[in-house]
There are 2 protein chains.
Amino acid sequence: MAEIGPNTRLRTSPFYEATVMEGVTAFSPYNKMLMPVSYGDPAGEYGRLLNGVSLWDVGVQRQVQIEGPDAARLTQILCVRDMSNCFINQGKYVPMCDHQGALLNDPVVLKLDDNLFWLSIADNNMLMWARGIAAERGFDVKVTEPDVSPLAVQGPKAEDVVAAVFGDWVRTLKFFWFADAQIENIPLKIARSGYSKQGGFELYLCDGSRGTDLWNIMREAGAPWGIGPGNPSPVERIESGLLSYGGDTDNDTNPFEVRLDRYVNLDLDDEVIGIRALRRIREEGPKRHQLGVVLDDATPVPGHAIWYDVTADGRKVGSMTNGCWSPRLEALIGFVLISRDCKPGDRVEVLKHGTLMPGTLRELPFI
Amino acid sequence: MAEIGPNTRLRTSPFYEATVMEGVTAFSPYNKMLMPVSYGDPAGEYGRLLNGVSLWDVGVQRQVQIEGPDAARLTQILCVRDMSNCFINQGKYVPMCDHQGALLNDPVVLKLDDNLFWLSIADNNMLMWARGIAAERGFDVKVTEPDVSPLAVQGPKAEDVVAAVFGDWVRTLKFFWFADAQIENIPLKIARSGYSKQGGFELYLCDGSRGTDLWNIMREAGAPWGIGPGNPSPVERIESGLLSYGGDTDNDTNPFEVRLDRYVNLDLDDEVIGIRALRRIREEGPKRHQLGVVLDDATPVPGHAIWYDVTADGRKVGSMTNGCWSPRLEALIGFVLISRDCKPGDRVEVLKHGTLMPGTLRELPFI
């Protein structure tokens, strides 16, 4: 491992100082910002997420704000999922594609008002994309990046902690719905959401100068439940089958290849970007699909993998796009993006640093 | 400083293994790849660039390849500089803007053939942008990211080293021109270019499997001139007044604000993205400009700065966008992006971690 720190092209989040105080030991870049990815205690961090409550600086999940008379139309044109049935204060998980149907992002889209939306984005420049499409189509919208930075509270005890701070009303929030809130004059929005299957909330901080204050409030309120710092867990998300845009995808991956079929509405208007290409792909059948792989070798290894080639009978059939030791499965697992000819149960080999590691394909999620 | 390493969203360059062998100690992300930014000997690395020859893994400088019947037209539409006078085998440094005239990138555009161009890009997703605009305008082009990764040889002795490997003909290459070459069956293009003012070449490796081979060839050939590993030097580029896209710019910076006036041709066709906005900005006068600042405090500090507020008479007037100790000026220097009301010679204060550091504005470049 080598060093990384803030630089002129790599900004910090409003929670940066709090995470340094907590002893952050590793960062990964995301949307040209530093995202904490370790505090030096992987087992403790994983355990808190699975059994307790964990606090994550996910300020890198930037908002692309679309407002104005054409905001709803532009938002729909950028999204291949039907947004017409989205209520104010509701969010939806949405694939965004280019004109060839390749995935550009998988944000949660938050509808704040009939003419006001946030795309709460994964790692790609959707501000530029939304501005460009709006201008090409001559839409009357304003597209900006507001001062909004999410702090995630995740794990089975997250609801107790968030309720202790903001009141029991948060217990009634439905999945992906959100509401305005305030604590010690810090403006925020609370959503029931987050990048894990362990439940929890994202607190959308709406004043970047109050990051440390909000962190400390949650830290103190969560003490009775053993709250501690953490980060979007590569292990938990692999076990749970959650997609990582840009991690599990390449420049030409379409939503059907990575299990997002149910978030695509092919009967949307032709003006929606990518929808005609996706109809064609659906008709012809996508060439690849995403499956899980369980390697035969069951020796625990720290960290997680990068992209490796996958072969079957000596022929390359796809790529292993992530991998980790799963404490719950007690196995080395990962996702593969692989030819449709390969099916669950098939035997494959993963080529890792010159070594062929045999394994068996299976359906996702693992758990 | 915290740790960073390759992950599923952060790929390695073809020269990665060579740089690890060389003892790389720090990376910065760039175009979702790892760019080496230190080998642990800042003074030695700076000295080699200024007085000898330095070898840089700049594989992160990806190529966006535009080919097909409409390639020349799309390339011009993406660039606010006139490309009609660009010859085959010539490159040009070109601002790319959005429809509001905000800078999206400042690539070298290489014309490989009448219908084949590479945008050799700075840190932003220009593949997505070019594909999106091509589709919106219905152009007949294919836009891809080819297997091409530059290796820079920079410094006053670079020409001797490159000539020793490829022949004396490289000495006749004009600035930003390029030519096909080959060594030990490694296909590449050699351009006289690079992100420094010390002279040199970029070797565009066209076979990603041969990165270590090419590195070693240059390393051995350069031994008589004391070649060693290095990276695009923040210090040298600040002294020399070179722009860092994304480092010195924000989402709304236009080319006139950052000294790129001479690379903008306002009489280009209206269909060029951003040209109408730039005419309006030129007419109204840009609101900010980029100047240098020399701080009064002349204590050497390692590393370089992130963005700080700049005040004059207690009022915020702009931002200091980079900063470093300059060994040649023996001063703390940096760029400011600042109100047009502020002029060279004016006194300002830079707010660094709660401390006001007084300094004086001046023209760029420093050297």
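Numbering of residues starts from 1 in every chain and runs along the sequence as written. All chains are assigned letters beginning with A, and all ligands numbers beginning with 1, in the order in which they are written. Local features in this predicted model are restricted to residues whose pLDDT is 70 or higher, and side-chain atom pairs enter the listing and the counts only when it is 80 or higher, whereas totals over whole chains, interfaces and linings include all residues. The basis for every side-chain value is the complete set of heavy atoms in the structure, and neither hydrogens nor water enter the calculation.

**Student:** Would you mind going over the overall build of chain A in detail, with residue names and values included?
**Tutor:** Along its length, chain A carries eight helices and 22 strands. The principal-axis extent of the C-alpha atoms belonging to chain A is close to 60 × 50 × 40 Å. Throughout, the Shrake-Rupley method with a 1.4 Å probe supplies accessible areas, and for residues the shown protein chains are the sole cover considered. Summed over its atoms, the accessible surface of chain A is roughly 14100 Å², and 49% of this surface lies on carbon and sulfur atoms. Taking the 37 positively charged and 49 negatively charged side chains of chain A as two groups, their mean positions are separated by 3 Å. Note on conventions: DSSP H or I runs of at least 4 residues are helices, E runs of at least 2 residues are strands, and numbering of each starts at the N terminus. By the counting scheme adopted, Arg and Lys are positive, Glu and Asp are negative, and His together with the chain ends is not counted. Note that the charge is assigned to NZ on lysines, CZ on arginines, CG on aspartates and CD on glutamates.

**Student:** Residues and numbers for the packing of aromatic side chains, please.
**Tutor:** Stacked, tilted and edge-to-face are the three classes assigned to paired rings of Phe, Tyr and Trp, where Trp is represented by its six-membered ring and a pair needs centres within 6.5 Å; plane angles under 30 degrees give stacked, over 60 edge-to-face, the rest tilted. Inspection of every chain in the model, using the stated rule, returns ten aromatic pairs over all chains. Above the face of the Trp307 of chain A ring, Arg11 of chain B is positioned so that its terminal group lies 4.5 Å from the ring centre. When the NZ atom of lysine or the CZ atom of arginine is within 6 Å of a ring's centre and also within 35 degrees of its normal, the charge is said to sit over that ring.

**Student:** I'd like to hear about the sheet that holds strand S20 (residues 331–339) of chain A, residue by residue, with values.
**Tutor:** Residue and element names in this part refer to chain A. At least two bridges found by DSSP between two strands is the condition for calling them paired. Reading around the circumference, S17-S20-S19-S18-S21-S22 is the order of the six strands in this closed barrel, with antiparallel pairing throughout. For this sheet, the mean angle separating the axes of adjacent strands, direction not counted, is 40°. Both strand S18 (residues 308–312) and strand S19 (residues 315–326) contribute to a ladder of five bridges, which runs antiparallel. Opposite Thr311, over in S19, you have Lys316 as the bridge partner. To obtain an axis, a line is fitted to C-alpha atoms, over the contacting stretch when the element is a helix, and the angle between two such axes runs from 0 to 180 degrees between their N-to-C directions.

**Student:** Quick rundown of the sheet that holds strand S4 (residues 54–57) of chain A? Include the residues and the values.
**Tutor:** Residue and element names in this part refer to chain A. The six strands lie next to each other as S13-S14-S15-S12-S4-S16, forming an open sheet whose pairing is mixed. Of all strands in the sheet, those with a lone pairing partner are strand S13 (178–183) and strand S16 (228–230), marking the two edges. Averaged over all adjacent pairs, the angle separating strand axes in this sheet is 30°, with direction ignored. Looking at chain direction, S4 and S16 are connected through three bridges and run parallel. Residue Ser54 lies in a different strand from S16, and its bridge partner there is Gly228. The sheet contacts of helix H5 (residues 158–166) involve strand S12 (149–154), S13, strand S14 (186–191) and strand S15 (200–205), and relative to S15 the element is tilted by about 40°. Residue contacts are defined here by distance: any two heavy atoms, one from each residue, within 4.5 Å place the two residues in contact.

**Student:** Give me the nonpolar core: which residues, what numbers.
**Tutor:** One recurring pattern in soluble globular proteins is that nonpolar side chains are buried together. Residues belong to a common nonpolar core when they are buried Ala, Val, Leu, Ile, Met, Phe, Trp, Tyr or Cys residues joined through side-chain atoms within 4.5 Å. Relative accessibility thresholds used throughout: buried, under 20% of the residue-type maximum; exposed, over 50%; partly exposed, between the two (1.4 Å probe, protein chains only). Formed by 70 residues in total, the largest nonpolar core has its most connected members in Phe166 and Met218 of chain A together with Phe166 and Met218 of chain B. Discounting chain neighbours no more than four positions away, the residues touching Phe166 of chain B are Ala181, Gln182, Ile183, Leu188, Ile190, Leu203 and Met218 of chain B. Listed in part, the 53 residues of the second largest apolar core include Val64, Cys79, Ile133 and Ile273 of chain A.

**Student:** Could you give an account of the relation of the copies chain A and chain B, naming the residues involved and the relevant values?
**Tutor:** In superposing the copies, a least-squares fit is computed on C-alpha atoms, taking residues whose pLDDT is at least 70 in both. With an RMSD of 0.0 Å, chain A superimposes on chain B once it is rotated by 180° and translated 0.0 Å along the axis. Both chain copies can therefore be described as sitting about a two-fold axis. Rotation axis and chain A: the residue whose C-alpha lies nearest the axis is Glu3 of chain A, separated from it by 2.3 Å. Comparing interface residues between copies, 100% of those in chain A also sit at the interface in chain B, which points to an isologous, same-surface contact.

**Student:** Please set out the interface of chain A and chain B residue by residue, giving values where relevant.
**Tutor:** How big an interface is tends to be reported as the loss of accessible area on association of its parts. Between chain A and chain B, the contact holds 51 residues from the first and 51 residues from the second. Accessible surface is computed with a 1.4 Å probe, and the buried area is the amount of it that two parts give up when combined, taken over both parts together. Its largest share of buried area at the contact with chain B, chain A owes to Arg9, Met128 and Glu136 of chain A, together 18% of the area lost on that side. Whenever a carboxyl oxygen of Asp or Glu lies within 4 Å of a side-chain nitrogen of Lys or Arg, that contact is scored as a salt bridge. The interface formed by chain A and chain B includes eight salt bridges. One salt bridge connects Asp123 of chain A with Lys32 of chain B, and the closest N-O pair in it is separated by 3.8 Å. Whenever a nitrogen or oxygen atom comes within 3.5 Å of another N or O atom, the pair is scored as a polar contact, on the condition that within protein one atom can donate a hydrogen and the other can accept it, and that pairs from neighbouring residues in sequence are kept only if both atoms are in side chains. Summed over the shared surface of chain A and chain B, the result is 22 residue pairs in polar contact (both at pLDDT 80 or more).

**Student:** Give me the lowdown on the domain arrangement of chain A, citing residues and values where you can.
**Tutor:** Residues and elements named next belong to chain A. Here chain A is partitioned into domain 1 (16–61 + 148–237), domain 2 (63–135 + 254–284) and domain 3 (287–367). Note that domain bounds follow an automatic or database assignment of domains. Using C-alpha coordinates to define each centre, domain 1 is positioned 26 Å away from domain 2. The interface is formed by twelve residues belonging to domain 1 together with 17 residues belonging to domain 2. Around 1400 Å² of area is buried between domain 1 and domain 2 when both sides are counted, 62% of it from carbon and sulfur atoms. A per-residue breakdown of the area domain 1 buries against domain 2 is headed by Phe176, Trp177 and Phe178, which together make up 45% of the total. For the pair domain 1 and domain 2, the interface holds zero salt bridges. The tally of links between domain 1 and domain 2 comes to nine residue pairs in polar contact (both at pLDDT 80 or more).

**Student:** So what's going on with the state of the cysteines? Which residues, and what values?
**Tutor:** All names here are of chain B. Here, the term disulfide refers to a pair of cysteine sulfur atoms separated by no more than 2.5 Å. One pass over the full model with this rule turns up zero disulfides over all chains. For the unlinked cysteine Cys97, the closest cysteine sulfur is that of Cys79, found at 9.5 Å. With no disulfide of its own, Cys206 lies 17 Å from the sulfur of Cys86, the closest cysteine sulfur. On the basis of relative accessible area, Cys206 is assigned to the partly exposed category, the value being 24%.

**Student:** Outline the environment of Leu10 of chain A, supporting the account with residue identities and numerical values.
**Tutor:** As for its placement among the helices and strands, Leu10 of chain A is situated in the loop between strand S1 (2–4) and helix H1 (16–21). Leu10 of chain A gets classed as buried once you look at its relative accessible area, which sits at 2%. Residues Leu10 of chain A and Leu173 of chain A lie 163 residues apart in sequence; the distance between their C-alpha atoms is 34 Å. The contacts of Leu10 of chain A, once residues within four sequence positions are left out, are Ile4, Gly5, Pro29, Lys32, Met33 and Leu34 of chain A together with Pro29 of chain B.

**Student:** Let's hear about the pattern of salt bridges: which residues, and what values?
**Tutor:** All names here are of chain A. Under the definition given, this model contains 44 salt bridges over all chains. Put simply, Asp309 and Lys316 hold a salt bridge, and the shortest N to O gap is 3.0 Å. When salt bridges that share partners are traced, they join Glu159, Asp160, Asp168, Arg171 and Arg192 into one network.

**Student:** Would you mind going over the packing of H5 of chain A against helix H6 (residues 211–221) of chain A in detail, with residue names and values included?
**Tutor:** Residues and elements named next belong to chain A. Here H5 crosses H6 at 115°, and the two axes come no closer than 9 Å. Put simply, H5 runs roughly perpendicular to H6. The interaxial crossing formed by H5 with H6 has right-handed handedness. When H5 is examined against H6, the residues Val161, Val162, Val165 and Phe166 are found in contact with a partner set consisting of Ile217, Met218 and Ala221. All amino acids are sorted into three groups, where Ala, Val, Leu, Ile, Met, Phe, Trp, Tyr, Cys and Pro are nonpolar, Asp, Glu, Lys and Arg are charged, and the leftover types, Gly among them, are polar. Across the contact of H5 with H6, the residue classes tally to seven nonpolar, no polar and no charged. Our angle categories are set so that under 35 degrees counts as roughly parallel, over 145 as roughly antiparallel, 65 to 115 as roughly perpendicular, and the remainder as oblique. Here a crossing is taken to be left-handed if its near helix is turned anticlockwise relative to the far helix by less than a right angle, and right-handed if that turn runs clockwise.

**Student:** I'd like a description of the environment of Asp313 of chain A, backed by residues and values.
**Tutor:** Residue and element names in this part refer to chain A. In this fold, Asp313 is placed in the loop between S18 and S19. A relative accessible area of 81% means that Asp313 is categorised as exposed. In the structure, Asp313 is positioned 34 residues away from Arg347 in sequence and 8.8 Å away in space, judged by C-alpha atoms.

**Student:** I'd love a proper account of the packing of helix H3 (residues 71–78) of chain A against helix H4 (residues 126–137) of chain A, names of residues and values included.
**Tutor:** Residue and element names in this part refer to chain A. H4 packs onto H3 with a crossing angle of 115° between their chain directions and a minimal axis gap of 11 Å. Between H3 and H4, the interaxial angle falls into the category roughly perpendicular. H4 is crossed by H3, and the crossing has right-handed handedness. Mapping the contact onto sequence places Leu74, Ile77 and Leu78 in H3 and Trp129, Ala130, Ile133, Ala134 and Arg137 in H4. Here the contact of H3 with H4 is composed, by residue class, of seven nonpolar, no polar and one charged.

**Student:** Which residues make up the side chain of Thr321 of chain B, and what values do they have?
**Tutor:** Tracing the backbone through its elements, the reader meets Thr321 of chain B in strand S19 (residues 315–326). Among the polar contacts listed, one links the side chain of Thr321 of chain B to the side chain of Asp248 of chain B, at a separation of 3.1 Å.

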